[in-house]
Amino acid sequence: MSESKKIKTALVSVYHKDGLDAIIRKLAEEGVEFLSTGGTRQFIEGLGYPCKAVEDLTSYPSILGGRVKTLHPKVFGGILCRRELEQDQQQIAQYEIPEIDLVIVDLYPFEATVASGAESQAIIEKIDIGGISLIRAAAKNFNDVVIIASKAQYKPFLDIISEKGAVTTKEERRWFAKEAFAVSSHYDSAIFNWFDEDADSAFRCAIEEPKTLRYGENPHQKGVFYGDLNAMFDQIHGKEISYNNLLDINAAVDLIDEFKGETTFAILKHNNACGLASRPTLLEAWKDALAGDPVSAFGGVLVTNTPVDKATAEEIHKLFFEVIIAPDYDVDALQILTQKKNRIILVRKEAELPTKQFRSLLNGVLVQDKDVKSHTPEDLKKVSEKAPSAEEIEDMLFANKIVKQSKSNAIVLAKGKQLVASGVGQTSRVDALKQAIEKAKSFGFDLNGAVMASDAFFPFPDCVELADNEGIKAVIQPGGSVKDELTFQYCNEHGVAMVITGVRHFKH
């Protein structure tokens, strides 16, 4: 055992006390003495164990409305003194400072207070001073002191003392110190971001709960997800979710969230929709989504905003796919879908999603607001002499939702609230359209009466002309090209209805 240390005195001062009793009882069995403040002291004494008040050690009461309790040399000296350093030992003896071998502390709930919508003064009062100082001091002196900085460390610590008593190794203390600095850095990042008020004066992001993945995008790359997936999904079946699964799941969630209030089914492959339809019933939506590209659907990710019933499950089960996401599943539907052991089945839960996006890039981090812009008929500006019909407007808005969530350059063709075909990730918008037209034809779609959506403006009328030649007479695009008038002129000369949104939806 490497540099084992026995715990003789513990300072315990916590805001949340649930789960603490088992630790206190075990430490008391091992003869550990307790030092505490206010409510925590009452809690320990309520369990039937003696506990010395910090005030008795420091000879100072808690002052300034509780803002100053433990900030005293007799507390921090006992934590920071180096047991192997003779000079430190002489000084703590001179000033009658007891050694403190264990610190159990947590922090005021700053983030929860901010999330509650509390006023500024209430938020400020939840900025912990004594707790964060105790954490840093004990973690710094991990050679001699154990620091338990949150409830998340209660179980591993209880496991240790239950197995071998009030003794820890240096490796264990260093692990707890690492966890403690994770707590403190997360806490300080939250405080900074609140003060910063979206001024973007510095990039601070601390996300806990790491999940090591089988690998990254490729087997030779390491992959880790930071976040609480359990807050978003219940995985009720299937293999472990991979890095690439997560990318597709994220794209699927973003896409299906565009279609609120209507039964919709989508199929995605490599983060892009290859099939999508909105219909009165889920079974109809599935069949028409699959019809959009039954080839690409193989091995895809499925997502719907409607509970999955048995009839739909029977049809879905005929296809090999990696993941399905839905708000719920009928019991008899699950009996069908779970027949494939590796198939990942997720129940989506209500969870707040971040409004910022970031990625590492070059030697820094790129940050932007998430694209949450959606459009209504009132947002559309008619720029052609011919006005689109009500049905065409409905289809244009439908197609625009899909193209918004497709990799640029992107073109989407839709008809009757069904994705007919798309061209995505192309270096040329013309190539994207040609890809979409070719795909639609290969699956037997009649493009007469379909609509076209583009994620960015048309620098020339060529795409509109290509679409027009296939019978597509309604187009939605952002507009904004210096040559817009040439495109509008073509529409007027050839009877094409065009609307612009004024909003570009690039996606890389």
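Below or above, wherever it landed, is the structure these notes cover. (Residues numbered from 1 in each chain as written. Predicted model: local features only at pLDDT ≥ 70, side-chain atom pairs only at ≥ 80, totals over all residues. Heavy atoms only, no water.)

**Quick notes on the sheet that holds strand S15 (residues 344–348)**
Two orientations exist for strands paired in a sheet by backbone hydrogen bonds: parallel and antiparallel.
Point 1. Pairing is mixed in the open sheet, where six strands are placed in the order S10-S15-S14-S13-S11-S12. In this open sheet, the two edge strands, each paired with only one partner strand, are strand S10 (233–237) and strand S12 (272–278). Across the sheet, the mean angle from the axis of one strand to that of its neighbour is 20°, orientation sign disregarded.
Point 2. Where S10 lies against S15, four bridges are found, and the strand directions are antiparallel. If you follow His237 over to S15, its bridge partner there is Ile345.
Point 3. Sheet strands in contact with helix H11 (residues 243–256) are S10, strand S11 (264–269), S12, strand S13 (300–304), strand S14 (321–326) and S15, and its direction is about 150° off that of S11.
Point 4. With respect to the sheet, helix H12 (residues 282–292) is in contact with S11, S12 and S13, its orientation differing from that of S11 by roughly 30°. (Pairing = 2+ DSSP bridges. Helix = DSSP H or I, 4+ residues; strand = E, 2+ residues; numbered from the N terminus. Axes fitted to C-alpha atoms, helices over the stretch in contact; angles between N-to-C directions. Contact = heavy atoms within 4.5 Å.)

**Some points on empty space enclosed by the protein**
Point 1. Enumeration over the complete set of coordinates arrives at two cavities of 30 Å³ or more.
Point 2. Put simply, the largest cavity is a space of about 70 Å³.
Point 3. Taken together, Glu258, Lys373, Ser374, His375, Leu397, Asn400, Lys401, Lys404 and His505 make up the lining of the largest cavity.
Point 4. Considered as a void within the structure, the second largest cavity measures approximately 30 Å³ in volume.
Point 5. Every residue along the wall of the second largest cavity is listed here: Ala273, Cys274, Gly292, Asp293, Leu419, Val420, Ala421, Ser422 and Lys439.
Point 6. Contributions of two or more residues to the lining of the second largest cavity are made by S12 and strand S20 (419–423).
Point 7. In terms of residue count, S20 provides more of the lining of the second largest cavity than any other element does, four residues in total. (1 Å grid on protein atoms, 1.4 Å probe; cavity = no way out; pocket = protein on both sides within 12 Å on 5 of 7 lines; lining within 4 Å. Points joined across faces, edges and corners; volume = space filled by probe spheres on them.)

**Observations regarding the environment of Asn492**
Point 1. Position of Asn492 among the secondary structure elements: in helix H18 (residues 484–494).
Point 2. Note: C-alpha distance between Asn492 and Lys386 (106 residues apart in sequence) is 7.0 Å.
Point 3. Not counting residues up to four positions away in its chain, the partners in contact with Asn492 are Ser384 and Glu385.

**Quick notes on a nonpolar patch on the surface**
Point 1. A cluster of nonpolar side chains, contributed by Phe203, Ile207, Tyr226, Phe358, Val365 and Val367, occupies part of the molecular surface with about 540 Å² of accessible area.
Point 2. In this fold, Val367 is placed in strand S17 (residues 364–369).
Point 3. By relative accessible area, which is 40% here, Val367 ends up partly exposed. (Patch = residues over 30% accessible without salt bridge, like charges linked within 9 Å, V, L, I, M, F, W, Y side chains within 5 Å. Areas by Shrake-Rupley, 256 points an atom, 1.4 Å probe, with all protein chains shown as cover. Salt bridge = Lys/Arg side-chain N within 4 Å of Asp/Glu carboxyl O. Buried < 20%, exposed > 50% of the residue type's maximum accessible area, 1.4 Å probe, protein only.)

**What about a negative patch on the surface?**
Point 1. A surface patch of like charges, here negative, comprises Glu111, Glu208, Glu209 and Asp228.
Point 2. Here Glu209 is to be found in the loop between helix H10 (170–196) and strand S8 (210–212).
Point 3. On the basis of relative accessible area, Glu209 is assigned to the partly exposed category, the value being 47%. (Lys, Arg positive; Asp, Glu negative; His and termini not counted. Charge placed at Lys NZ, Arg CZ, Asp CG, Glu CD.)

**Some words on the nonpolar core**
Point 1. By size, the foremost hydrophobic cluster in this structure holds 51 residues, and its most contacted members are Leu27, Ile79, Val103, Ile104, Ile147 and Phe157.
Point 2. With seven residues, the single largest contributor to this core is H10.
Point 3. When sequence neighbours within four positions are dropped, the list of residues in contact with Leu27 reads Val32, Phe34, Leu102, Ile104, Phe157, Ile161 and Ala166.
Point 4. Listed in part, the 40 residues of the second largest apolar core include Val253, Val303, Ala414 and Leu419. (Core = buried A, V, L, I, M, F, W, Y, C linked by side-chain atoms within 4.5 Å.)

**Side note on the environment of Lys69**
Point 1. Locating Lys69 in the fold gives a position in the loop between helix H3 (54–58) and helix H4 (73–80).
Point 2. Note: C-alpha distance between Lys69 and Glu55 (14 residues apart in sequence) is 7.7 Å.
Point 3. Those residues in contact with Lys69 that lie beyond four places of it in its chain are Thr37, Val54, Ser62 and Tyr108.

**Let's talk about the pattern of salt bridges**
Once their charged atoms are close, side chains differing in charge can pair, the charge on each being opposite to the other.
Point 1. Scanning all chains against the criterion turns up 28 salt bridges.
Point 2. Its salt-bridge partner being Asp21, residue Arg25 comes within 3.3 Å of it at the nearest N-O pair. Within this pair, Arg25 and its partner Asp21 are both found in helix H1 (residues 21–29), separated by four residues, close to a single helical turn.
Point 3. Given a relative accessible area of 29%, Asp21 falls into the partly exposed group.
Point 4. Between Arg82 and Asp88 there is a salt bridge; the shortest N-O distance is 2.7 Å.

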